[in-house]
Protein chains: 2
Amino acid sequence: MRIDTLPTPSALIDVPRMQRNIERMQQRLDALGVRFRPHVKTTKCEPVVRAQLAAGARGITVSTLKEAEQFFAQGIDDIVYAVGMVPGKLPQALALIRRGCDLKLVADSLVSAKAIAAFGREQGLSFEVWVEIDVDGHRSGLAPADERLIEVGRALVEGGMKLGGVLAHAGSSYDYHRHEDLVRIAEQERAGAVLAAERLRAAGLPCPVVSIGSTPTALSAERLEGVTEVRAGVYVMFDLVMHNVGVCGTDEIALSVLTTVIGHQEEKGWAIVDAGWMAMSRDRGTQRQTRDFGYGLVCAEDGSVLDGYLLGSANQEHGILQRVGEPDREIATRLPIGTRLRILPNHACATGAQHPEYQAIAADGSVQTWPRFYGW
Amino acid sequence: MRIDTLPTPSALIDVPRMQRNIERMQQRLDALGVRFRPHVKTTKCEPVVRAQLAAGARGITVSTLKEAEQFFAQGIDDIVYAVGMVPGKLPQALALIRRGCDLKLVADSLVSAKAIAAFGREQGLSFEVWVEIDVDGHRSGLAPADERLIEVGRALVEGGMKLGGVLAHAGSSYDYHRHEDLVRIAEQERAGAVLAAERLRAAGLPCPVVSIGSTPTALSAERLEGVTEVRAGVYVMFDLVMHNVGVCGTDEIALSVLTTVIGHQEEKGWAIVDAGWMAMSRDRGTQRQTRDFGYGLVCAEDGSVLDGYLLGSANQEHGILQRVGEPDREIATRLPIGTRLRILPNHACATGAQHPEYQAIAADGSVQTWPRFYGW
């Protein structure tokens, strides 16, 4: 199979680009002296995760217990479920651990910590739990200086659980686009997580792991003293949001959607393509960034950018492709019906999730189908 | 299985609401004297489509050839593929027709019409083709008065194809919220499609079918003279976008996402839930409407609206639930960890697509799992 025989829409992975993205991150974190634990929520795809581990990653991060189950079934056992644990999901986590999975849970409240400990004692199992730290007011977690941090740690240890460490994610790094801001937020992420770990240790509690990370901070941090591991997900594909953040060029984006021109509205300068929001996702992450790419940046079938052409809007299975600024009234001649194009996505995690499989294009142009899964 | 034992996040269908939505549309179109051909892209789910057909719908509309293949395999053979046909997809359409599917194709250009005719002649098959009409400048299609309409019709007939009719979709109806505007756009859709059909007939060409429709226009049209069939999709579930358009109450929305509270940021008045954008979709369709519902409107587990509480923002597997206006600093008491809630979605087509299955809740509270498919 070659690219010109693939049906459209299809999600393409440019394998050489993906491999370069994997090596770039791994080499950076090797040089900074920390372990790297990729977040597999971006692709949910075994060959991608195999390539990440082959390059030196140790363990994986997941966003759902289904991801944990799927990757454990594929032989990966060092897994952090990086979403706050609730009582209702403990039986599912227990079943995984009973089968041999080294699954780490996350908690950021006394309620959760006590519920985990109570269930663990009832089942005769010592869950390993990492405490989530909020380093930037972005989402979940306890502030590094929050007094409840020690109570949570103590509830786990006194409840017979294993306090494995702390975990932070500077999700607000996506809001910046200057290198100096990314360096600053990376240092804030590092310092917050390390402070939380030191406070736990000062209270006589164990805290072997200090886990931080997001793609922008992992690629910008200048020092990682006190950190034991970094997590990042989207770096493996990159996307237009990350391009706007300033951590990749458009020629490093490994994911695109192959599409076909199916019609035109010539007076408006529109080409209609068969990649709508079902193929691109509804993610409009570049809308509030420095450059709004609509639903994606248009490339020729060979991947070269058609500068100034965007997927301006999208219905379920129709995309409207336009030139930025002056309408291209010759668009039907330039991109006739049947023309095949690639669209670079705003957000690789969201676009990937719309597709049951990736078509992985190797350096020699050969294509392999790499399945991915979805659901919970 | 009952709702309180379902894992979260899950996509729920309130079956009595769905059934009422189906009956409302069918009765309306029966009274207006036209056939109804539901668009199955909203649910891609056999039991839903069976209920639509059982209520009187005749044939279905699809947005992908995969939908055509899946529903044909389930015994439904009267299918319109309502996306402009391109040469690359003709072999897939041909295979379906050869197996007995009464598949209708759509074209809006001479290039497509000629390509279909050439391929059909080569294969010894007369494809039935409907010409797409643009009644509101929304997307694809030829304007009703466009002189190329006759050329396209003639190219099909002279090429040995069957000119089955015209098809229009007033997608711009989603941009309105007053009944009088919806009545006007519905009449514009009707009049445009009928004019196109009359022009084809006046040129000596056949045009048996006049197919129009969108949920807002189908529910607002006062007369449908000259129309033979109506298409609509999202009415079967409804959603917050449709609520803002003014064609349903929130108590008619049949789709919701069941979720669990997993944490809080009390000072900010946040409850964190396990329904992020992966469960809700990235659709922010209410953003530019009269009322912005964020990522969804919050209800108790029993479906009663918690007025003023929205899913304000979303990460992949985290939703941030907030009160509109003044933060609810008692939210951890009001909605403690483990609380189960339902979120009404902005857009039922997009939210459904994130889930491998629906959990269908019957009037007696019993639950059935209804699978849905995705991909192309």
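Quick caveat: nothing in here was measured; it's all calculated off a predicted structure.

(A) Inspection of the environment of A:G233 at higher detail. Residue position: A:G233 is located in the loop between β9 (229-230) and α9 (240-245). Contact partners of A:G233, with chain neighbours within four places excluded, come to A:H39, A:T42 and A:T215.

(B) Quick look at the packing of helix α6 (residues 148-158) of chain B against helix α7 (residues 179-202) of chain B. Residues and elements named next belong to chain B. Packing of α6 against α7 leaves a shortest axis separation of 10 Å and a crossing angle of 60 degrees. If you check the angle between α6 and α7, you find them oblique. As α6 runs across α7, the sense of the crossing is right-handed. Mapping the contact onto sequence places L149, I150 and G153 in α6 and A196, R199 and L200 in α7. A class-by-class count of the residues in the contact of α6 with α7 yields four nonpolar, one polar and one charged.

(C) Representation of the interface of chain A and chain B. Contact residues are listed per partner, giving 55 residues for chain A and 55 residues for chain B. Summed over both partners, the interface of chain A with chain B buries about 4,600 Å², with 55% contributed by carbon and sulfur atoms. The largest contributions to the chain A side of the interface with chain B come from A:R139, A:Y374 and A:W376, which together make up 18% of the buried area. Put simply, chain A and chain B have six salt bridges between them. Between the two partners, chain A and chain B, sit 22 residue pairs in polar contact (both at pLDDT 80 or more). Secondary structure elements with two or more residues in the side of chain A that touches chain B: α5 (110-123), β10 (255-265), β11 (270-273), α10 (277-280) and α12 (348-352) of chain A. The dominant element in the side of chain A that touches chain B, judged by the number of residues it contributes, is β10(A), at four residues.

(D) Focus on the relation of the copies chain A and chain B. Mapping chain A onto chain B calls for a rotation angle of 180 degrees and an axial translation of 0.0 Å; the resulting RMSD is 0.0 Å. In short, the pair behaves as if placed about a two-fold rotation axis. Residues of chain A ranked by C-alpha distance from the rotation axis are headed by A:R282, positioned 2.4 Å from it. Most of the interface of chain A is mirrored in chain B, where 100% of its interface residues are also at the interface.

(E) Geometry of the state of the cysteines. Per the stated rule, a full pass over the model turns up zero disulfides over all chains. Free of any disulfide, A:C45 has its nearest neighbouring cysteine sulfur in A:C349, separated by 13 Å.

(F) Molecular detail of the sheet that holds strand β8 (residues 209-212) of chain B. Residue and element names in this part refer to chain B. The strand order across the open sheet formed by eight strands is β2-β9-β8-β7-β6-β5-β4-β3, and the pairing between neighbours is parallel. The strands lining the two open edges of the sheet, one partner per strand, are β2 (35-36) and β3 (60-62). In terms of strand pairing, strand β7 (residues 162-168) meets β8 through three bridges, oriented parallel. Note that in β8 the partner of L167 across the bridge is S211.

(G) Structural view of the sheet that holds strand β4 (residues 78-81) of chain A. All names here are of chain A. Strand order in the open sheet formed by eight strands is β2-β9-β8-β7-β6-β5-β4-β3, and the pairing between neighbours is parallel. Strand pairing shows two members of the sheet lacking a second neighbour, β2 (35-36) and β3 (60-62), which therefore form its edges. In the sheet, strand β6 (residues 128-133) pairs with strand β7 (residues 162-168) via six bridges, with the strands oriented parallel. Considered in β7, the bridge of V131 is made with V166.

(H) Looking closely at the pairing of strand β1 (residues 10-14) of chain B. All names here are of chain B. Among the five residues that make up β1, five are buried, leaving the element largely enclosed by the rest of the structure. Side chains of β1 alternate between two faces, with S10, L12 and D14 and A11 and I13 buried alike. With four bridges joining them, β1 and strand β10 (residues 255-265) adopt antiparallel strand pairing. When the bridges of β10 are listed, S10 appears paired with L258.

What counts, and at which threshold
- Residues numbered from 1 in each chain as written.
- Chains lettered and ligands numbered in written order.
- Predicted model: local features only at pLDDT ≥ 70, side-chain atom pairs only at ≥ 80, totals over all residues.
- Heavy atoms only, no water.
- Helix = DSSP H or I, 4+ residues; strand = E, 2+ residues; numbered from the N terminus.
- Contact = heavy atoms within 4.5 Å.
- Axes fitted to C-alpha atoms, helices over the stretch in contact; angles between N-to-C directions.
- Parallel < 35°, antiparallel > 145°, perpendicular 65-115°, else oblique.
- Left-handed = near helix turned anticlockwise from the far one by under 90°.
- Nonpolar A, V, L, I, M, F, W, Y, C, P; charged D, E, K, R; others polar.
- Buried area = accessible area lost by both parts, 1.4 Å probe.
- Salt bridge = Lys/Arg side-chain N within 4 Å of Asp/Glu carboxyl O.
- Polar contact = N/O pair within 3.5 Å; in protein donor to acceptor, adjacent residues only side chain to side chain.
- Least-squares fit on C-alpha atoms with pLDDT ≥ 70 in both.
- Disulfide = S-S within 2.5 Å.
- Pairing = 2+ DSSP bridges.
- Buried < 20%, exposed > 50% of the residue type's maximum accessible area, 1.4 Å probe, protein only.

Honestly, that's just the spatial picture; any functional story needs more than this.
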